[in-house]
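What the coordinates show
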Amino acid sequence: MTVQTHSIEVRVGAQQVVIGSTDEVSITHDLLAPSSPFTLTLWRTASMAPWPRADLWPLLLCDETIEVAVDGAVQVRGLISAVKPTASHEGSPLTITGRDYVSVAQESDADPALSLRNVTLVDALERLFAPLGVNVVVGAQAEAARNALAGARPGTRTTTTARGHRAHRVDQFRVRVGERVWQLAQQLCRRHGYLLYSAPCGGGVGLVIDRPAYDAPVRYAFTRRWVEAETRFTGNVLSGGRTTDVSRVPSDVTVFGHDAVASREDARLRARIENEGLAHPRVAGTQPRRPRYIRDDRARTVDTCAQRARREIAEAMAGFDVHEYTVQGFGQGGYLYAINGMARVDDDVTGVHGDCLITQVTLKRSRAAATTAAVRLVPRGALVIEPDPSV
């Protein structure tokens, strides 16, 4: 197996001062849990001066801007969260952790005075993010985001269909005290039938409003084939496998609409949906019932209650059948691994042979270990996002 090498460059501050070589790097992109957390470790020998005397030290401040690029493609653009210098007899590591600009929205409350009624979905997100003062582009193009993370040249086509979302309008949506900006933004997008995730865009971060890209070209392959004559496995998979787990999957979901729990008059405003996805080859025919009951004050019709129940089931099923593989290098065929992209899986260990959607990528490199990528995938069609009937 050919050893893959990749260049990593870290730039800090408004002047984009380049940090020297890193001892360890870890970056995670997650389609379902955005903010791209990263960890960088720098190293000094025990005989070198301590970190506070280094020229770089004044730049390594919490909330300072930082970006990390792999092979020239920016993977993370955001803020330093924590800086931790330590030391032992062997040397002195300095650990830097952070996330992209979306992390500010995940920790910040939305302004309850904001009006989000009768505006487009993009306008609503812009109003939610405007008070935060971070460089975020709402409605960044999904194709551009995938190309940026994959290191593809601008203009490369990654899907065959366009996805319109700017005309979608928000109605009957109030901001409650204590609700997080990201929580609201994600909820709005889910109700309109979209995922919301982040990727580098321009000089900041783009908020990508998209659906699972099942129509994207299959750029990657993860193979582990059993060769009977040689009694061994061949392929690019170093480790990993498949997990089917029903422990957090409901058998059925009942959603109560506006005041349906408290008001006898509104008691009929409810919907119960069975989880048909549990009729699966890897699930026993007879199962215990795991009901889930939810109250949704924003659901004003039975159809909306039913759709909320289906969405709850779909989100749970997204983690039901998962494939996780570790491979050498950060990409294939000139493309870095990117979330919301398609890959072919042929694995004789798990019996999986088909196209899958990449939902998480973790890139890791260290002096002591190899350069590897850990990729999480779900079968084509497993991740379902549908809009409310009133949208």
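Heads up: the structure comes first, above all this text.
What comes next is a walk through the structure. Model, not experiment: these values are computed from the prediction.

1. Focus on the sheet that holds strand 12 (residues 204-210)
- Judged by pairing direction, the sheet is mixed, and its three strands sit side by side in the order 9-12-11 without closing on themselves. Of all strands in the sheet, those with a lone pairing partner are strand 9 (136-140) and strand 11 (195-201), marking the two edges. Going across the sheet, the axis of each strand differs from the next one's by a mean of 30 degrees, ignoring polarity.
- As paired elements, strand 11 and strand 12 share seven bridges and run antiparallel to each other. Within strand 12, the residue paired with L195 across the bridge is D210.
- Across the sheet, helix 4 (residues 181-191) touches strand 11 and strand 12, and the angle it forms with strand 11 is around 115 degrees.

2. A short note on helix 5 (residues 302-317)
- With 16 residues, helix 5 extends 23 Å between its outermost C-alpha atoms, agreeing within 8% with the 22 Å of an ideal straight helix rising 1.5 Å per residue.
- With 12 of 16 residues buried, helix 5 is to be regarded as a mostly interior element.
- All of the buried residues in helix 5 are T304, C305, A306, Q307, R308, A309, R311, E312, I313, A314, A316 and M317.
- Those residues of helix 5 that are buried are in contact with helix 4, strand 16 (252-256), strand 17 (270-274), strand 18 (291-295) and strand 19 (321-328).

3. With respect to the layout of surface pockets
- The volume enclosed by the largest pocket comes to roughly 440 Å³.
- What lines the largest pocket is a set of 21 residues, among which I313, A314, M317, A382 and V384 lie closest to the centre.
- Listing elements by their share of the lining of the largest pocket, those giving two or more residues are strand 17 and helix 5.
- With six residues, helix 5 is the single largest residue contributor to the lining of the largest pocket.

Reading the values: the criteria
Residues numbered from 1 in each chain as written. Predicted model: local features only at pLDDT ≥ 70, side-chain atom pairs only at ≥ 80, totals over all residues. Heavy atoms only, no water. Pairing = 2+ DSSP bridges. Helix = DSSP H or I, 4+ residues; strand = E, 2+ residues; numbered from the N terminus. Axes fitted to C-alpha atoms, helices over the stretch in contact; angles between N-to-C directions. Contact = heavy atoms within 4.5 Å. Expected span 1.5 Å × (residues − 1). Buried < 20%, exposed > 50% of the residue type's maximum accessible area, 1.4 Å probe, protein only. 1 Å grid on protein atoms, 1.4 Å probe; cavity = no way out; pocket = protein on both sides within 12 Å on 5 of 7 lines; lining within 4 Å. Points joined across faces, edges and corners; volume = space filled by probe spheres on them.

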